[in-house]
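Spelled out, the chains give:
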2 protein chains.
Amino acid sequence: MSRTRVHNLSISLDGFATGEPQSAEAPFGHAGERLHQWMFATRFWAEGGTAGIDDAFAVRHSDGIGAEIMGANKFGPPGWPDDPDWKGWWGPNPPFHTPTFVLTHHPRPPIEMDGGTTFHFLDATPDEALATAAEAAGGRDVRIGGGATVVRDFVTAGLVDHLHLVQVPIVLGRGVRVWDGLEGLEETYAVEAVSSPSGVTHLTFDKRAS
Amino acid sequence: MSRTRVHNLSISLDGFATGEPQSAEAPFGHAGERLHQWMFATRFWAEGGTAGIDDAFAVRHSDGIGAEIMGANKFGPPGWPDDPDWKGWWGPNPPFHTPTFVLTHHPRPPIEMDGGTTFHFLDATPDEALATAAEAAGGRDVRIGGGATVVRDFVTAGLVDHLHLVQVPIVLGRGVRVWDGLEGLEETYAVEAVSSPSGVTHLTFDKRAS
Ligand SMILES: NC(=O)c1ccc[n+]([C@@H]2O[C@H](COP(=O)([O-])OP(=O)(O)OC[C@H]3O[C@@H](n4cnc5c(N)ncnc54)[C@H](OP(=O)(O)O)[C@@H]3O)[C@@H](O)[C@H]2O)c1
Ligand SMILES: NC(=O)c1ccc[n+]([C@@H]2O[C@H](COP(=O)([O-])OP(=O)(O)OC[C@H]3O[C@@H](n4cnc5c(N)ncnc54)[C@H](OP(=O)(O)O)[C@@H]3O)[C@@H](O)[C@H]2O)c1
């Protein structure tokens, strides 16, 4: 059975997966790159990086994944639907390498990129989007790529099997919080926490057999 | 120099140090006792308990402490100022064993308890309250005992040297959040995180030399 997974979603101590305001100059707002520095330091990100616990978690991002679903605000800054040439932040060869479904109320035709990534634009419920992505994944797993809004929506809809958050030791104070609406998450998921020498803490949530 | 310390303040993954509503029957609201089970399991709490990392942190609660400051909502449930006989939750011999200052807009005369605890009631700013408590502590340290509102106020006023939070793997969704107003805490504190086999993660914040 195809599983639905979230990986490497980086949050502040107070639970924000992005700062604010999001813009073309600052995709993560006042958070800057601070939420992701732990990942930039790993071998997953760049040759010569660390190969310890942070890397062990980071590499799972691509393992057995056949499609990604992301939110409109991950795909581009506010206003991107007005720019017919916008193709995402990631240049000609985005790091997804699979069909990638962008949830948006402003859908447009698919965009084929280098390296196996094709962006498809969907105005659909989480259930419908997952059915479409799972079909495209051809039996492999589907990654919910973020941001926090989309992750929350899929968790709330009961669609996520594995959730990996990385808590970074900063307090952002504002942004989009991943926890809102997730009261009682521990009832449906087994939770583990493990802190890394780098200073971050990896939190994993695995759906309990029901 | 007398230092100001917070110990064993237990929070949910989403940062709540209590659930809601607080009442005489449920001092922590819908959180029940879930925020403190890690502590009940330690030798600090009861003979025969664990003596690992959770205990190592827990025992610091009393080490070198000469006074405590707590908030009105830790001292009693809503409405306690209307009950002239209310003497706190803790019975005749409260676990403070020092002068203990309750911040309240409804002060009353001091109450002497067994075991060295005397409750004093103060309507004062954090600075004034700390000066009074430090005087009573006679050179020993002052503990800020909670709840989250009072801890936040003392941290924001720049008065806290050491802050120990214990993150429990539950999502409460509502209550009083410790993080609100603490944006950028990592700039003035060195932060460490260490997860325990019990499932909780200990976070320590130590004021940087300025
Ligand atoms: N910390 C991390 O690891 C991480 C990971 C990924 C992203 N991010 C960051 O997080 C931010 C984005 O997160 P976010 O929470 O603001 O937004 P998001 O989850 O990326 O996108 C939310 C938006 O997607 C569209 N959408 C969501 N569900 C939909 C549905 N069912 N049907 C149609 N449209 C739907 C809506 O946009 P419209 O109504 O405008 O179409 C909605 O406002 C960015 O800054 C990004 O860089 C961080
Ligand atoms: N998770 C933990 O480890 C932990 C630790 C301790 C307590 N708790 C729980 O946390 C809850 C209480 O926390 P809380 O955040 O709601 O409240 P709190 O911090 O205990 O008390 C806040 C109240 O104290 C009074 N106060 C604060 N500063 C004052 C000042 N400068 N001058 C005069 N009065 C002042 C005000 O009450 P009035 O205006 O009504 O006088 C204010 O509403 C309780 O459920 C308690 O059991 C949890």
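Just so it is clear, the structure is predicted and the values come from calculations on it, not from any experiment. (Residues numbered from 1 in each chain as written. Chains lettered and ligands numbered in written order. Predicted model: local features only at pLDDT ≥ 70, side-chain atom pairs only at ≥ 80, totals over all residues. Heavy atoms only, no water.)

Caption draft 1: Seen up close, the packing of aromatic side chains. Residues and elements named next belong to chain A. All chains considered together, the criterion is met by 24 aromatic pairs over all chains. Considering the side-chain rings of Phe-40 and Trp-45, the 4.9 Å spacing of their centres and the 50° angle between planes classify their relative orientation as tilted. Trp-45 sits in the partly exposed class, given a relative accessible area of 48%. Summarising the aromatic geometry, the rings of Trp-80 and Phe-121 are spaced 6.0 Å apart at their centres and angled 40° between planes, so their arrangement reads as tilted. Here Trp-80, found in the loop between helix 3 (72–75) and strand 4 (99–103), pairs with Phe-121, found in strand 6 (residues 118–122); they are 41 residues apart in sequence, far enough to count as distant. With a relative accessible area of 4%, Trp-80 lands in the buried category. Judged by its relative accessible area of 9%, Phe-121 falls in the buried class. A network of ring pairs unites the aromatic residues Phe-75, Trp-80, Trp-90, Phe-96, Phe-119 and Phe-121 as a single cluster. (Phe/Tyr/Trp six-rings, centres within 6.5 Å; stacked < 30°, edge-to-face > 60°. Buried < 20%, exposed > 50% of the residue type's maximum accessible area, 1.4 Å probe, protein only. Helix = DSSP H or I, 4+ residues; strand = E, 2+ residues; numbered from the N terminus.)

Caption draft 2: Expanded view of the pairing of strand 3 (residues 65–71) of chain B. Residue and element names in this part refer to chain B. Among the seven residues that make up strand 3, seven are buried, leaving the element largely enclosed by the rest of the structure. In the sheet, strand 3 pairs with strand 7 (residues 141–146) via five bridges, with the strands oriented parallel. Counted as the bridge partner of Ala-67 is Val-142 from strand 7. In terms of strand pairing, strand 3 meets strand 4 (residues 99–103) through four bridges, oriented parallel. What sits directly across from Gly-71, in strand 4, is Leu-103. (Pairing = 2+ DSSP bridges.)

Caption draft 3: The arrangement of the UniProt feature "domain: Bacterial bifunctional deaminase-reductase C-terminal" (unreviewed entry) in chain A in detail. Using the residue numbers shown here, the UniProt feature "domain: Bacterial bifunctional deaminase-reductase C-terminal" (unreviewed entry) corresponds to residues 8–183 of chain A. Taken end to end, residues 8–183 of chain A comprises 20% helix and 24% strand; its first and last C-alpha atoms sit 21 Å apart. (UniProt positions renumbered as here; feature names shortened; annotations may be inferred.)

Caption draft 4: Looking closely at the site of ligand 1. All names here are of chain A. Taken together, 26 residues lie near ligand 1, and Ser-10, Pro-27, His-105, Ala-124 and Thr-149 sit nearest. Lys-74 places a polar main-chain atom, nitrogen or oxygen, 2.9 Å from an oxygen atom of ligand 1. Note that an oxygen atom of ligand 1 is positioned 2.5 Å from one of the side-chain N or O atoms of Thr-149. Isolated, ligand 1 exposes 940 Å² of accessible area, and the fraction of that covered by the protein chains is 85%. The set of elements that each furnish at least two residues to the shell around ligand 1 consists of strand 1 (4–12), strand 2 (16–18), helix 3, strand 7 (141–146) and helix 5 (148–156). Across the shell around ligand 1, the residue classes break down as 10 nonpolar, 14 polar and two charged. (Near = heavy atom within 4 Å. Polar contact = N/O pair within 3.5 Å; in protein donor to acceptor, adjacent residues only side chain to side chain. Areas by Shrake-Rupley, 256 points an atom, 1.4 Å probe, with all protein chains shown as cover. Nonpolar A, V, L, I, M, F, W, Y, C, P; charged D, E, K, R; others polar.)

Caption draft 5: Layout of the site of ligand 2. Residues and elements named next belong to chain B. Around ligand 2 sit 25 residues in total, of which Ser-10, Pro-27, His-105, Ala-124 and Thr-149 are the nearest. With respect to ligand 2, the backbone of Ala-72 contributes an N or O atom lying 3.0 Å from an oxygen atom. Between His-105 and ligand 2, the recorded distance is 2.5 Å, taken from a side-chain N or O atom to an oxygen atom. Mapped onto the shell around ligand 2, the elements with two or more residues apiece are strand 1 (4–12), strand 2 (16–18), helix 3 (72–75), strand 7 and helix 5 (148–156). Here the shell around ligand 2 is built from residues that sort into 10 nonpolar, 13 polar and two charged.

Caption draft 6: The relation of the copies chain A and chain B, seen in detail. Superposing chain A onto chain B takes a rotation of 180° combined with a translation of 0.0 Å along the rotation axis, leaving an RMSD of 0.0 Å. Expressed as an axis order, the relation between the two copies is that of a two-fold axis. Taking C-alpha positions as reference, the residue of chain A nearest the rotation axis is Ser195(A), located at 2.7 Å. Same-surface contact between copies: 100% of interface residues of chain A are shared with the interface of chain B. (Least-squares fit on C-alpha atoms with pLDDT ≥ 70 in both. Contact = heavy atoms within 4.5 Å.)

Caption draft 7: Layout of the sheet that holds strand 5 (residues 111–112) of chain A. All names here are of chain A. The strand order 5-6-4-3-7-1-8-11-10 describes an open sheet built from nine strands, whose pairing is mixed. Strands with a single pairing partner mark the edges of an open sheet, and in this sheet they are strand 5 and strand 10 (189–195). Here five bridges tie strand 4 to strand 6, and the two strands are oriented parallel to one another. Paired with Phe-101 across the strands is His-120, a residue of strand 6. This element, helix 4 (residues 126–137), spans strand 1, strand 3 (65–71), strand 4, strand 6 and strand 7 of the sheet and lies at about 150° to strand 3. Sheet strands in contact with helix 5 are strand 1, strand 3, strand 4, strand 7, strand 8 (162–168) and strand 10, and its direction is about 135° off that of strand 7. (Axes fitted to C-alpha atoms, helices over the stretch in contact; angles between N-to-C directions.)

Caption draft 8: Structural view of the interface of chain A and chain B. Listed as interface residues are 27 residues of chain A and, on the opposing side, 27 residues of chain B. Here chain A and chain B share four salt bridges between them. Here Glu186(B) ties to Arg34(A) by a salt bridge, and the two come within 3.3 Å at their closest N and O atoms. Scanning the region where chain A abuts chain B turns up 12 residue pairs in polar contact (both at pLDDT 80 or more). At the level of elements, helix 6 (185–188), strand 10 and strand 11 (201–207) of chain A are the ones that each hand at least two residues to the side of chain A that touches chain B. Residue contributions to the side of chain A that touches chain B peak at four residues, all from strand 10 of chain A. Classifying every residue of the side of chain A that touches chain B gives 13 nonpolar, seven polar and seven charged. (Salt bridge = Lys/Arg side-chain N within 4 Å of Asp/Glu carboxyl O.)

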